[in-house]
Amino acid sequence: MATETHDAGHAAAEMTHAAADSAPGMPQLDFSTFPNQIFWLVVTLVVIYFILSRVALPRIGGILSERAGTITNDLAAAEDLKVKAAEAEDAYNKALAEARAEAQRIATEARAEIQADLDVAIAKADAEISAKAAESEKAISEIRAGALESIEIVARDTAAEIVSVLGFKSDEAAVSGAVTERMKG
Amino acid sequence: MATEAQGAEHAAESGGLVFHPMDQFIVKPLFPQHSEVASVSTSDLNGVLSTGETVPLSLQQIESFQSGKEVIVNLFDAGLQKLYWFTPTNAALWMAIAVLAIIVLLVMGSSRRAVVPSRMQSIAELAYGFVHKMVVDICGKEGVKFFPYVMTLFMFIVSANFLGLLPLSFSTTSHFAVTVVLALLVFLSVTILGFVKNGAAFLGLFWVSSAPLPLRPILAVIELISYFVRPVSHSIRLAGNLMAGHAVIKVFAGFAALTVVSPVSVLAITAMYGLEVLVAFIQAYVFTILTCVYLKDALHPSH
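Digging into the packing of aromatic side chains
1) Next: A full pass over the atoms with the stated rule returns 19 aromatic pairs over all chains.
2) Next: Between Tyr49(A) and Phe50(A) the ring centres are 6.0 Å apart and the planes differ by 90°, which places this aromatic pair in the edge-to-face class.
3) Next: Judged by its relative accessible area of 39%, Phe50(A) is partly exposed.
4) Next: Look at Phe202(B) and Tyr227(B): their rings are 6.4 Å apart centre to centre, the planes differ by 75°, and that puts the pair in the edge-to-face class. In this pair, Phe202(B) sits in the loop between α6 (176-198) and α7 (216-255) while Tyr227(B) sits in helix α7, placing the two residues 25 residues apart along the sequence. Here Phe202(B) matches Tyr227(B) in class, with each residue buried.
5) Next: Put simply, the rings of Phe187(B), Phe195(B), Phe202(B), Phe206(B), Tyr227(B) and Phe228(B) pair up and form one aromatic cluster.

Shown next, in the form of structure tokens:
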């Protein structure tokens, strides 16, 4: 080996320096490096195999199956929640309908109550009004009666006065009789 | 790409931009030994190192030695340092970086075990899902047992390919030493698995029962040949694609020595780099999917 490169070196040295460090043909076919590469390759492969089969692959496989499990669980939970949401919506709609009916009922009741109160109040007011009207009627008729009486008295007095002024002796009974007769007419 | 600095050195010497497209593939020790030149002989341009070996020297090196400077020679470049099987090389370094990248992505990325993943974790999950789906789709449920094995191949190839695209890096998967071992691993494990699972029925793979009887022996020969060609194509496809792409990038870079051509060269390198990113993934994908297809043959040999 040493002498071979030695000779090659002689030839190369005449052209340029150190032809030995530039590859003679393909370095891939330099069989003296094969044992070295094969040894280190086998070491590398064994190390990678143990790292992968002992640590990396079980761990990544575990992560993947765990994720698949999580996704399945989450989907089931989502399905559950969806059903619950639908139930809740139904309950809400039902409650809403009930509340509406209740409100309707309460409004009707209130209206009826108010109507009843109103009727009572109106009846009472009517009664009061008619009482007042009757009273007033009475007062008016009294006043009217009073006025007629006063007229008779005034007429009699006036007649008696006129008679006495004319120089006659007034007969009270005749005067009042005449007035009464006149007034009837 | 590891030899960019040396390329510049060359350039300084020969007065132009010089690239050696294949230098990036040289496997070299991470810690090369050096030795000082003790004396030189100007007649045959050789130097004697302090350790006693003789090495060829360049004129510059001889000049600088004669002017009294220290001249240090890289023993590996001079062919004096031997590469042992255990020597830590740039190949070993970049394989280790690939392992680190895989740990960061798959182990640290998933360390929080979040149900809602972070960016890194989603990439890790994506890679897991990608290979897992491939194995299950092609090999069926029985193939899941071999999922870590397939995942190992995929992660190594994909990270080595992408790391090889970094400037100054070393692409381990562009070497036949690496891809042939990977392909042989697949070939041998599939063959052994096929015989263990199915016994002699595994040979039914070569006996095409749906073909007319007279054709079957001919088909059997073709099937047999194609079966044994599998590891060859499997390995050369991967290494060849990567090597060609990386070398072409370097060749285009070499064209930049002409100032007029250099803008075109830069554009071409950019385009090739984009293509190489694609190739890096596609080749890893192709290698993995073929592994799955071969595994399927072992699990279900009938056509």
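Observations concerning the pattern of salt bridges
1) Next: Under the criterion given, the structure shown has six salt bridges over all chains.
2) Next: Glu125(B) is the partner of Arg67(A) in a salt bridge, and the nearest nitrogen-oxygen pair spans 2.8 Å. Residue Arg67(A) is located in helix α2 (residues 34-165), and its partner Glu125(B) is located in helix α4 (residues 119-139); the two belong to separate chains.
3) Next: Arg67(A) sits in the buried class, given a relative accessible area of 16%.
4) Next: Glu125(B) sits in the buried class, given a relative accessible area of 9%.
5) Next: Across the pair Arg156(A) and Glu152(A) runs a salt bridge whose closest N-O atoms are separated by 2.8 Å. Of this pair, Arg156(A) and Glu152(A) both sit in helix α2, separated by four residues, roughly a single helical turn.
6) Next: Several salt bridges converge on common partners, so that one network encompasses Glu102(A), Arg105(A) and Glu109(A).

Side note on the interface of chain B and chain A
1) Next: Taken together, the 62 residues of chain B in the interface contact 45 residues of chain A.
2) Next: Of the roughly 4700 Å² buried where chain B meets chain A, counting both sides, 72% is carbon and sulfur surface.
3) Next: Summed over the shared surface of chain B and chain A, the number is one salt bridge.
4) Next: Counting only elements with at least two residues in the side of chain B that touches chain A, the list comes to α1 (4-14), β3 (54-56), α3 (90-108), α4, α5 (147-163) and α6 of chain B.

Description of empty space enclosed by the protein
All names here are of chain B.
1) Next: This model, assessed by the stated rule, comprises one cavity of 30 Å³ or more.
2) Next: Here the largest cavity is characterised by a volume of approximately 50 Å³.
3) Next: As for the largest cavity, its lining consists of Ala183, Val186, Phe187, Val190, Tyr227, Arg230, Pro231, His234 and Tyr294.
4) Next: Secondary-structure elements contributing two or more residues to the lining of the largest cavity are α6 and α7.
5) Next: Residues belonging to the lining of the largest cavity are distributed by class as follows: seven nonpolar, one polar and one charged.

Here's the deal with the sheet that holds β3(B)
Residues and elements named next belong to chain B.
1) Next: Within the open sheet, the four strands sit side by side as β3-β2-β1-β4. Their pairing is antiparallel. Each end of this open sheet is capped by a strand with a single partner; those strands are β3 and β4 (72-74). Averaged over all neighbouring strand pairs, the angle between strand axes comes to 50°, with direction disregarded.
2) Next: One ladder, built from four bridges, connects strand β1 (residues 34-41) with strand β2 (residues 46-49); its direction is antiparallel. Paired with Ser39 across the strands is Val48, a residue of β2.

As for the nonpolar core
1) Next: Counting 53 residues, the largest nonpolar core has Leu41(A), Leu52(A), Leu106(B), Met151(B), Met155(B), Phe156(B) and Leu182(B) as its most contacted members.
2) Next: Elements with a contribution of two residues or more to this core: α2 of chain A together with α3, α4, α5, α6, α7 and α8 (262-299) of chain B.
3) Next: For this core, the leading source of residues is α5(B), giving 10 residues.
4) Next: With residues near it in sequence (within four places) discarded, Leu106(B) still touches Leu52(A), Ala56(A), Ile60(A), Ala124(B), Met151(B) and Met155(B).
5) Next: The next biggest cluster of nonpolar side chains, apart from the first, holds 10 residues, and it includes Val37(B), Leu57(B), Val73(B) and Leu75(B).

So, the confidence of the model for chain B
Residue and element names in this part refer to chain B.
1) Next: Confidence in the prediction of chain B, expressed as mean pLDDT, is 88, and 94% of residues score 70 or more.
2) Next: The least confident element of chain B, judged by mean pLDDT, is α1 at 43; the most confident is α5 at 96.
3) Next: Segment residues 1-15 is flagged for pLDDT under 50; beyond a separation of four residues in sequence, or across chains, it makes 29 contacts in the model.

Parameters and conventions
- Residues numbered from 1 in each chain as written.
- Chains lettered and ligands numbered in written order.
- Predicted model: local features only at pLDDT ≥ 70, side-chain atom pairs only at ≥ 80, totals over all residues.
- Heavy atoms only, no water.
- Phe/Tyr/Trp six-rings, centres within 6.5 Å; stacked < 30°, edge-to-face > 60°.
- Buried < 20%, exposed > 50% of the residue type's maximum accessible area, 1.4 Å probe, protein only.
- Helix = DSSP H or I, 4+ residues; strand = E, 2+ residues; numbered from the N terminus.
- Salt bridge = Lys/Arg side-chain N within 4 Å of Asp/Glu carboxyl O.
- Contact = heavy atoms within 4.5 Å.
- Buried area = accessible area lost by both parts, 1.4 Å probe.
- 1 Å grid on protein atoms, 1.4 Å probe; cavity = no way out; pocket = protein on both sides within 12 Å on 5 of 7 lines; lining within 4 Å.
- Points joined across faces, edges and corners; volume = space filled by probe spheres on them.
- Nonpolar A, V, L, I, M, F, W, Y, C, P; charged D, E, K, R; others polar.
- Pairing = 2+ DSSP bridges.
- Axes fitted to C-alpha atoms, helices over the stretch in contact; angles between N-to-C directions.
- Core = buried A, V, L, I, M, F, W, Y, C linked by side-chain atoms within 4.5 Å.
- pLDDT = per-residue confidence, 0-100.

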